Amino acid sequence: MAKLADALDLGSSGETHESSSLSDRTLIILLIIKYSTHFQLQSELFVEKNFTFNDSGINTLELILTQEEIQPVYDEAYQEAQKSIDLKGFRKGKVPMAMIKKMYGKAIESEANIEVVNKYFPLVMDEAKIKLIDSPALKDIQPVENGIKFLLEFQTVPNFEINNYQEFEIQEPVYVAKEDDVEKELDSIAYELAEKEDATSIDSYNYHVYYALEDPNQEPHQHDEKDEHGHHEHNHKHNDMFLGNTQINTNLRDAFLNHSVGESFIFSEKDKEYKIIIENVQKINLPEINDEFAKKASEEKFDNLSDYRQDLEMKIQDYWDNKSRQEMENQIVDHLIINNPQIVPPEKVVEVALENLVKNAKVQYKISEKDTQFDIYLNESYKSHAINLAKWNIIKDKLIEKEKLELEDYDYDDWLEKNKQHFQQYGLTDHQIREYINTNENVQAEILQKKLIDYLMGFATTNEISFDEFYAQRREASSGPKPLVDVEEYYPTTTDIDFDEDDAIIEDSATDTEEKE
């Protein structure tokens, strides 16, 4: 139970908090749905609830509880208070209950009313399957015959219609895997399997070089210089590369030949000059790409290079097909965001999305969650993206509800089949993986979002285009080189508020019941 000092500050005016704005809000509400119902909770007691839902998303709940339902909470509150009350003439904890009720009854019961609401409100929301996007507020408490009526305000997603989701066009970027792609993949795998040894000089392309890049016009770099915080100051960048990588500029690779560790040289390109300092060198002893190589690289799955090449080609094609699918999904999300400007996500939904983006960014850039020095920059950088994510999350939930999409066994089976290999490396059985899915809201949200995207894909007219042309067009578009939302980067678990036992839902916003009596 909360401390007595934290009980509601009960006023004497009898006015409900924020009631002055009610008439203005009513003017902009186009639709009001109101109903009253009773339902039975686990306690076998009946609770009366009266909801008023508004298009604005600012809704109210009249929660009427009988004295029989409230009394156990009151009794517990009195018992807890009795333990700490120290009154002259009585030992601590031994003050008679009748005296406690007479002297402190109003304050104890006022505070207990908060506990009553915190107990029943989550049950009511769960029973009605209502998703909240912010914590509720207790607006009023009124006595009724044999009980108390609590008036609460809670926020849900505003009511709206979604436009242009059943007829639209998207581009389908297409790429066909080539023999050259397989060769590049084989070279990359050969590098990973190569034996590496430290070296001092470079006489071929079979070296990995670590170097510093400086502006030749700046003062020479001193490694022992420290800034005021004791950090090493840099006026150059540290880089590394494998000289055998044919995708790197040939002139740059040639410039390293016949040089040694510690040497420097000037490299010129496009009217710019760079000073390159060789810091470290490793010789790469590449294995021969043959049947033995295929056997080792595939971990005994293939015993000849021909079959291994064919497998690599299929995997490369799968990569591009999956990338094409992802880009098509991103276009669908962008289309819905751009063509529904009337949807403005509530600030709380944006706040949750932004928190997730910043948290993910800190993980990506290896910044401690407790390190807040970059928070302002990260919040500003990700704010517009958070708005789009919040908007997509609202649209997604609305479409899932409108089209009555639900998860079925085959949805789980499809996800399980695609992710089985990942989980099997941890020794999990199909049954254990299914249990994991059933208890993980993130995974369920991901599967349901995929089902929605598949559904929307059926309405799209697709036009094939090469990946090169697709990315060129997107760079020229006003939306920039990246999609508004990448559907794979963020799966909000839910917009519900979690009600923990230690969390107080209600703050000081109600008026005094006793003053109204």
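What you are looking at is a predicted structure, and each value in this text was computed from that prediction instead of being measured. (Residues numbered from 1 in each chain as written. Predicted model: local features only at pLDDT ≥ 70, side-chain atom pairs only at ≥ 80, totals over all residues. Heavy atoms only, no water.)

A. Here's a closer look at the overall build of the chain. The secondary structure content of the chain amounts to 14 helices and 12 strands. Within the chain, the fraction of its 517 residues that count as buried is 38%. In the chain, the proportion of contacts linking residues at least 24 apart, taken out of those at least 6 apart, comes to 71%. For the chain, the computed accessible surface area is about 31,300 Å², with 46% contributed by carbon and sulfur atoms. (Helix = DSSP H or I, 4+ residues; strand = E, 2+ residues; numbered from the N terminus. Buried < 20%, exposed > 50% of the residue type's maximum accessible area, 1.4 Å probe, protein only. Contact = heavy atoms within 4.5 Å. Areas by Shrake-Rupley, 256 points an atom, 1.4 Å probe, with all protein chains shown as cover.)

B. Broad picture of the packing of helix H11 (residues 430-439) against helix H12 (residues 441-457). Look at H11 against H12: their axes get within 5 Å of each other, and the N-to-C directions meet at 85°. In terms of axis orientation, H11 runs roughly perpendicular to H12. From H11, Tyr-436, Ile-437, Asn-438 and Thr-439 reach across to H12, where they touch Glu-441, Val-443, Gln-444 and Ile-447. In terms of residue class, the contact of H11 with H12 is made up of four nonpolar, three polar and one charged. (Axes fitted to C-alpha atoms, helices over the stretch in contact; angles between N-to-C directions. Parallel < 35°, antiparallel > 145°, perpendicular 65-115°, else oblique. Nonpolar A, V, L, I, M, F, W, Y, C, P; charged D, E, K, R; others polar.)

C. Structural context of unusual backbone geometry. If you check the backbone angles, Glu-299 has positive phi at about 55° while not being a glycine. Using a relative accessible area of 70% as the deciding quantity, one classes Glu-299 as exposed.

D. Fine view of the confidence of the model for the chain. Averaged over every residue, the pLDDT of the chain is 82; residues scoring 70 or more account for 80%. Within the chain, no element has a lower average pLDDT than helix H1 (residues 22-28), which sits at 27, and none a higher one than helix H6 (residues 291-297), at 97. When the criterion is pLDDT under 50, residues 1-45 qualifies, and its contacts beyond four places in sequence or with other chains add up to 86 contacts. Here residues 226-232 scores under 50 on pLDDT; set against residues more than four positions off or in separate chains, the count is nine contacts. (pLDDT = per-residue confidence, 0-100.)

E. Inspection of the nonpolar core at higher detail. Among the nonpolar cores identified, the biggest contains 32 residues, and Leu-61, Leu-63, Met-125, Phe-150 and Phe-154 are the most heavily contacted of them. The set of elements that each furnish at least two residues to this core consists of strand E2 (46-54), strand E3 (58-66), helix H2 (67-84), helix H3 (97-128), strand E4 (137-144) and strand E5 (147-155). Among all residues touching Leu-63, those that are not within four sequence positions of it are Val-47, Glu-48, Tyr-120, Val-124, Ile-148, Lys-149, Phe-150 and Leu-152. If you look at the next biggest cluster of nonpolar residues, it comprises 24 residues, including Leu-336, Ile-394, Ile-395 and Leu-484. (Core = buried A, V, L, I, M, F, W, Y, C linked by side-chain atoms within 4.5 Å.)

F. Layout of the packing of aromatic side chains. Applying the stated criterion across every chain, the model contains 17 aromatic pairs. Seen from their ring centres, Tyr-455 and Phe-459 are 5.2 Å apart, and the 85° between their planes marks the pair as edge-to-face. Cation over ring: Arg-253 sits above Tyr-205, and NZ or CZ is 4.4 Å from the ring centre. Its end group placed over the ring of Phe-160, Lys-398 keeps NZ or CZ at 5.6 Å from the ring centre. (Phe/Tyr/Trp six-rings, centres within 6.5 Å; stacked < 30°, edge-to-face > 60°. Lys NZ or Arg CZ within 6 Å of the ring centre and 35° of its normal.)

G. Summary view of the pattern of salt bridges. Counted according to the given criterion, the structure contains 22 salt bridges. With its nearest N and O atoms 3.1 Å apart, the salt bridge here joins Lys-396 to Asp-397. Residue Lys-450 pairs with Asp-454 through a salt bridge whose shortest N-O separation is 2.8 Å. With Lys-450 and Asp-454 both in helix H12 and four residues apart, the pair spans about one turn of that helix. Owing to a relative accessible area of 32%, Asp-454 belongs among the partly exposed residues under this scheme. (Salt bridge = Lys/Arg side-chain N within 4 Å of Asp/Glu carboxyl O.)

H. Structural view of the environment of Met-328. Examined against the element boundaries, Met-328 turns out to sit in helix H7 (residues 305-338). A residue is classified by how much of its surface remains accessible, and Met-328, at 8% relative accessible area, is buried. Once the C-alpha coordinates of Met-328 and Met-457 are considered, the two residues, 129 residues apart in sequence, prove to be 8.5 Å apart. With sequence-adjacent residues up to four places away left out, Met-328 is seen in contact with Ile-170, Gln-171, Glu-172, Pro-173, Met-457 and Thr-462.

I. Fine view of a negative patch on the surface. Taken together, the side chains of Asp-291, Glu-292, Asp-303 and Asp-307 make up a negatively charged region of the molecular surface. Relative to the helices and strands, Glu-292 resides in helix H6. Note on Glu-292: relative accessible area 56%, which makes it exposed. (Patch = residues over 30% accessible without salt bridge, like charges linked within 9 Å, V, L, I, M, F, W, Y side chains within 5 Å. Lys, Arg positive; Asp, Glu negative; His and termini not counted. Charge placed at Lys NZ, Arg CZ, Asp CG, Glu CD.)

J. Focus on H3. Taking 1.5 Å of rise per residue, 32 residues should cover 46 Å, yet H3 covers just 38 Å from first to last C-alpha, more than 12% shy of that figure. A bend of about 80° at Tyr-104 is the largest found in H3. Remark: Lys-129 follows H3 within two positions and exhibits a positive phi of approximately 55°. (Expected span 1.5 Å × (residues − 1). Bend = angle between axes of the 7 residues up to and from the residue.)

K. Focus on the pairing of strand E11 (residues 272-285). With five bridges connecting them, strand E7 (residues 195-199) and E11 associate as antiparallel partners. Residue Ala-199 lies in a different strand from E11, and its bridge partner there is Val-281. Examined bridge by bridge, strand E8 (residues 207-214) and E11 share eight bridges and lie antiparallel to one another. The residue bridging His-208 from the neighbouring strand is Gln-282, located in E11. When strand E10 (residues 264-269) meets E11, the two strands line up antiparallel, connected through six bridges. Of the residues in E11, the one forming a bridge with Phe-267 is Tyr-274. (Pairing = 2+ DSSP bridges.)

L. Helix H9 (residues 375-402), seen in detail. The first and last C-alpha atoms of H9 sit 37 Å apart over 28 residues, in line with the 40 Å expected at 1.5 Å per residue. At Lys-383, H9 is bent by approximately 50°, the largest bend along its length. Just beyond H9, the residue with positive phi is Lys-404, at close to 55°.

M. Highlighting the packing of H9 against H12. Close contact between H9 and H12 brings their axes to 10 Å; oriented N to C, the two are set at 75°. Classed by the angle they form, the pair H9 and H12 counts as roughly perpendicular. Judged by residue contacts, Trp-392, Lys-396, Leu-399 and Ile-400 of H9 engage Leu-448, Gln-449, Leu-452, Ile-453 and Leu-456 from H12. In terms of residue class, the contact of H9 with H12 is made up of seven nonpolar, one polar and one charged.

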